[in-house]
Amino acid sequence: MFTLKPKTTAFMTALLLTIASQAALAVEFTSTRLSDTLTMLKGQGGNIAISSGKDGVFIIDDQLAPITEGLLEAIGKISDQPIRYVINTHYHGDHVGGNETIGKAGAVIVTHNNVYTRMNSEHFSTFMQTSTPAYPTDAMPNITFSDEATLHFNGEIATAYHIANAHTDGDALVHFPKSNVIHMGDLWFQGLYPYIDLDAGGNIEGVINGVNKALELANSETKIIPGHGPLGSYAELKAYGEFLTEATQSVRQLIAEEKNLSEIIALKPTAKWDETLGKVWIKPDQFVTMIYNSLQGIQEYKQ
Ligand SMILES: [Zn+2]
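Here the structure is a predicted model, which is why all the values come from computation and not from measurement. (Residues numbered from 1 in each chain as written. Predicted model: local features only at pLDDT ≥ 70, side-chain atom pairs only at ≥ 80, totals over all residues.)

**So, the packing of helix H6 (residues 204-217) against helix H7 (residues 234-256)**
Part 1: As a packed pair, H6 and H7 sit with axes 10 Å apart at the nearest point and diverge in direction by 155°. With respect to each other, H6 and H7 are oriented roughly antiparallel. Crossing angle aside, the handedness with which H6 passes H7 is left-handed. Judged by residue contacts, Ile 204, Val 207, Ile 208, Val 211, Asn 212, Ala 214 and Leu 215 of H6 engage Leu 237, Lys 238, Tyr 240, Gly 241, Leu 244, Thr 245 and Thr 248 from H7.
Part 2: Grouping the amino acids of the contact of H6 with H7 by side-chain chemistry returns nine nonpolar, four polar and one charged. (Axes fitted to C-alpha atoms, helices over the stretch in contact; angles between N-to-C directions. Helix = DSSP H or I, 4+ residues; strand = E, 2+ residues; numbered from the N terminus. Parallel < 35°, antiparallel > 145°, perpendicular 65-115°, else oblique. Left-handed = near helix turned anticlockwise from the far one by under 90°. Contact = placed C-beta atoms within 7 Å. Nonpolar A, V, L, I, M, F, W, Y, C, P; charged D, E, K, R; others polar.)

**Considerations on the packing of H7 against helix H10 (residues 284-295)**
Part 1: Axis separation between H7 and H10 bottoms out at 10 Å; the angle between their running directions is 65°. The hand of the H7/H10 crossing is right-handed. Here Ala 247, Thr 248, Val 251, Arg 252 and Ile 255 of H7 come into contact with H10, specifically with Val 288, Ile 291, Tyr 292 and Leu 295.
Part 2: Its residues assigned to classes, the contact of H7 with H10 comprises seven nonpolar, one polar and one charged.

**Describing unusual backbone geometry**
Negative phi values dominate among residues other than glycine, just as trans dominates among peptide bonds.
Part 1: Here Gln 129, not a glycine, exhibits a phi torsion of approximately 60°, which is positive.
Part 2: By the element assignment, Gln 129 lies in the loop between strand E7 (123-125) and strand E8 (130-132).
Part 3: Unusually for a residue other than glycine, Glu 258 sits at a positive phi of about 65°.
Part 4: Considering the arrangement of structural elements, one finds Glu 258 in the loop between H7 and helix H8 (261-266).
Part 5: A residue is classified by how many C-beta atoms lie within 10 Å of it, and Glu 258, with 7 of them, is exposed. (Buried ≥ 20, exposed ≤ 12 C-beta atoms within 10 Å, placed from the backbone.)

**As for the sheet that holds strand E2 (residues 38-42)**
Part 1: Strands sit in the order E1-E2-E3-E4-E5-E6-E9 across an open sheet of seven strands; the sheet is mixed. Each of the sheet's edge strands pairs with one partner strand only, and the pair in question is strand E1 (30-33) and strand E9 (143-145). Averaged over all pairs of adjacent strands, the angle between their axes in this sheet comes to 20°, without regard to strand direction.
Part 2: Examined bridge by bridge, strand E4 (residues 56-60) and strand E5 (residues 83-87) share four bridges and lie parallel to one another. Across the sheet, residue Phe 58 finds its bridge partner in E5, namely Tyr 85. (Pairing = 2+ DSSP bridges.)

**Points about the pairing of strand E3 (residues 48-53)**
Part 1: Extensive coverage of E3 is indicated by the burial of five of its six residues.
Part 2: Taken together, E2 and the strand that follows it, E3, pair antiparallel across an intervening segment of five residues, in which Gly 45 is found at a positive phi of about 120°.
Part 3: Relative to E4, E3 runs antiparallel, the two sharing five bridges. Bridge pairing in E4 links Ala 49 to Ile 60.

**Description of the nonpolar core**
As a rule of thumb, nonpolar side chains are buried together in soluble globular proteins.
Part 1: Core analysis: the biggest nonpolar cluster contains 70 residues, and Ala 49, Ile 59, Val 86, Leu 173, Ile 182 and Val 211 have the highest contact counts within it.
Part 2: Looking at this core, the element that brings in the most residues is H7, giving six residues.
Part 3: Other than its neighbours up to four places away in sequence, Ile 59 contacts Ile 48, Ala 49, Ile 50, Ile 75, Ile 83 and Val 86.
Part 4: Within the second largest apolar cluster, six residues are counted, among which are Tyr 91, Val 96, Met 119 and Tyr 135. (Core = buried A, V, L, I, M, F, W, Y, C linked by C-beta atoms within 7 Å.)

**Regarding helix H2 (residues 68-78)**
Part 1: Of the residues making up H2, those classed as buried are Leu 71, Ala 74 and Ile 75. Down the axis of H2, the sector holding all buried residues measures 100°, keeping them to one side. Opposite the buried face of H2, by more than 90 degrees, sit the exposed residues Glu 73, Gly 76 and Lys 77.
Part 2: On its buried face, H2 sits against E1, E2, E3, E4 and E5. (Arc of directions from axis to C-beta.)

What follows is the structure, encoded as structure tokens:
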């Protein structure tokens, strides 16, 4: 599925090695009930939302391909009904990995148009230094949308809103007004610096737009599922948006002062967050580079 190159970060190395040895891997899934219909499921990969009730099961994202059997077992503990719909928040392999098995079993897969396009061809990431081949037919979305799509299911609505050029060019966040829950996809990495997939049309300014859109839809009681990290609150997402805006503004200011990227990195414009957010995966210099590349319109990771 992936070609591993030496430049890959330690985190990704661990993740990719894990993928390579999946057969023997036992992933522990933990579920958190959010409302009468919704449950958040954590395993390995992007966080999942599960709607279960009279109409059956609908899920948002389905993690990594090799752990799908365990994922289906974990979903089976929440409901014995079939999975009828899947919404993928974007095309990354840790969010669409279960599509093939779940699609083959008959679920309808719904995504933004650009997720279909990305999944339908080989993709190279300049940051990961990995190549991902096109997905098999069973994994591909069945219904795609441009701006938004609403699913009426289990007595409530779920609306997926496309956020342009953010974490990728095909992101959607999903709002359940009745349950008062939002799934952010990778528009929110809670507790770590975000990854911006520049090769796939990602841009920090779109991520900020996505966070602001979610804050408009939410209220102080909304339960907010990040793509990665623990369940979050309105206040935590608001703080995240302020951090992104401030960090981006600092880099923008240094660009205006005609500093080049290595000078900007040396000035440590994200110093106040580096200890808390910069040690999990994306490092401070990588995050600053992603902001810089975004603001300069560079559509690859280029330091
Ligand atoms: Zn992602």
